[in-house]
Structures are given as C-alpha cells and as structure tokens.
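Residues per chain, in single letters:
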Amino acid sequence: VTREDQFTICCSACGKPAATIGFTPEAQLGLTLGRSGFLGSVSAAVLGREDITPELFSRVRNLAKDGDFAALAGIDRDFFGFICVRCTAPYCGDCWKDVYVTFDDGFYDETRGTCPQGHEQMLDD
Ligand SMILES: [Zn+2]
Ligand SMILES: [Zn+2]
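Since the model is a prediction, treat every value here as computed from it, not as a measurement. (Residues numbered from 1 in each chain as written. Chains lettered and ligands numbered in written order. Predicted model: local features only at pLDDT ≥ 70, side-chain atom pairs only at ≥ 80, totals over all residues. Heavy atoms only, no water.)

Draft legend 1. Spatial organisation of the sheet that holds strand E9 (residues 97-104). Taken in spatial order, the three strands line up as E9-E10-E11 in an open sheet, and their pairing is antiparallel. Two strands close off the open sheet at either side, each with one partner strand: E9 and strand E11 (120-124). For this sheet the average axis-to-axis angle between neighbouring strands, irrespective of direction, equals 35°. Alignment of strand E10 (residues 107-114) against E11, held across four bridges, turns out to be antiparallel. In the strand pairing of E11, Gly113 is matched with Gln121. (Pairing = 2+ DSSP bridges. Helix = DSSP H or I, 4+ residues; strand = E, 2+ residues; numbered from the N terminus. Axes fitted to C-alpha atoms, helices over the stretch in contact; angles between N-to-C directions.)

Draft legend 2. Inspection of unusual backbone geometry at higher detail. The phi angle at Thr88 is positive, at roughly 45°, despite the residue not being glycine. By secondary structure assignment, the location of Thr88 is in the loop between strand E7 (83-84) and strand E8 (89-90). Residue classification places Thr88 among the partly exposed positions, given a relative accessible area of 36%. Look at Asp98: it is not a glycine, yet its phi comes out positive at around 50°. If you trace the backbone, Asp98 turns up in strand E9. Asp98 sits in the exposed class, given a relative accessible area of 62%. (Buried < 20%, exposed > 50% of the residue type's maximum accessible area, 1.4 Å probe, protein only.)

Draft legend 3. Examining the pattern of salt bridges more closely. As enumerated under the stated definition, the model contains five salt bridges in all. Between Glu50 and Arg59 there is a salt bridge; the shortest N-O distance is 2.6 Å. Glu50 gets classed as partly exposed once you look at its relative accessible area, which sits at 32%. Glu120 is the partner of Arg112 in a salt bridge, and the nearest nitrogen-oxygen pair spans 3.0 Å. (Salt bridge = Lys/Arg side-chain N within 4 Å of Asp/Glu carboxyl O.)

Draft legend 4. Fine view of the sheet that holds strand E4 (residues 42-44). Strands sit in the order E1-E2-E3-E4 across an open sheet of four strands; the sheet is antiparallel. Since the sheet does not close on itself, it has two edges, and those belong to strand E1 (5-10) and E4, each with one partner. Shown here is a sheet whose adjacent strand axes are inclined to one another by a mean of 20°, direction ignored. Note: strand E2 (residues 17-24) against strand E3 (residues 32-36), five bridges, orientation antiparallel. Bridging across to E3, Gly22 finds its partner in Gly34.

Draft legend 5. Main features of the coordination of the zinc ion (ligand 2). Donor atoms from the polypeptide that coordinate the zinc ion (ligand 2) comprise Cys11 (SG), Cys14 (SG), Cys92 (SG) and Cys95 (SG), at 2.3 Å from the metal. Because the angles between the four donor atoms bound to the zinc ion (ligand 2) fall within 105 to 117°, the donor set is best described as tetrahedral. Counting residues between consecutive donors of the zinc ion (ligand 2) along the chain gives the motif C-x2-C-x77-C-x2-C. (Donors = N, O, S within 2.8 Å, 3.2 Å for Na, K, Ca; no water. Tetrahedral: all angles 85-135°; square planar, octahedral: opposite > 155°, others 65-115°.)

Draft legend 6. Spotlight on the coordination of the zinc ion (ligand 1). Coordination of the zinc ion (ligand 1) by the protein is provided by Cys84 (SG), Cys87 (SG), Cys115 (SG) and His119 (ND1), with metal-donor distances spanning 2.1 to 2.3 Å. Around the zinc ion (ligand 1), the four donor atoms sit at angles spanning 100 to 117°, and that spread fits a shape best called tetrahedral. Donor residues for the zinc ion (ligand 1), ordered by position in the chain, follow C-x2-C-x27-C-x3-H. Residue Cys84 is located in strand E7, and its partner Cys115 is located in the loop between E10 and E11; the two are separated by 31 residues in the primary sequence. Each member of the pair, Cys84 as well as Cys115, carries the same accessibility label: buried.

What follows is the structure in structure tokens.
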C-alpha cells in the first residue's frame, strides 16, 4: 500500500507556494494527480497523453526538484499552467496579474494571465 505523496512548487518571484502537486494511489478511483493552491483544485487521470502512474509522478517530482520547468510545462501545458513558458518559471496566483476568463459561446473557455515579466499566456483551460 502506497500512501498519498505530495510536494510543493514555489513561486520564483515571491517564494510563496505556487501549487501543491499530490499523487493519490487509490486503485478503485484510478490513479490521479491533483493540483491545489492555484486557481482552485484540479484532479487529472491523464497528463498530456500519459496515464498517471507512480513512474510518471516520480518523473514530475524529479523535474520539479531539478527546476526543469520547461520540461514540466512540456508534459502538460494545462496542468502546469502556473509555469510561464517564456520565463520557464513557476509563479503563484498572487504574482500572475490581469487574470481573466474567456468564454466560447457562453461556456467557460480558458483563464489567461500575465506573469511578472509581462508574458501573457493561458493558465487553465
Ligand atoms: Zn514570463
Ligand atoms: Zn508569487
């Protein structure tokens, strides 16, 4: 039996937690990766095109530890939306500015924002 495992990625601008990534190995629900602390909480069963596995979680955690945020954003642009792809740095919800939501035909489309260096990108969709 493996217990839930999690780690936090800190904001490169202010040092506060940007997001907490948690791996929940509950077989009956399927393996999921959760993200909290940034734009609410999300839970994913798939990252990019890969199913969540203990190996994928280890890879994600090692990339975060090594500070390879370009690689993390490359795995899943949506799940790692708090990483600015042009700075290749993570920022917390307080440091992303001008955050706004777009709608497509009345339905939620995506959330966009601007990083402390002035780069505008999709944060969530
Ligand atoms: Zn940036
Ligand atoms: Zn911050």
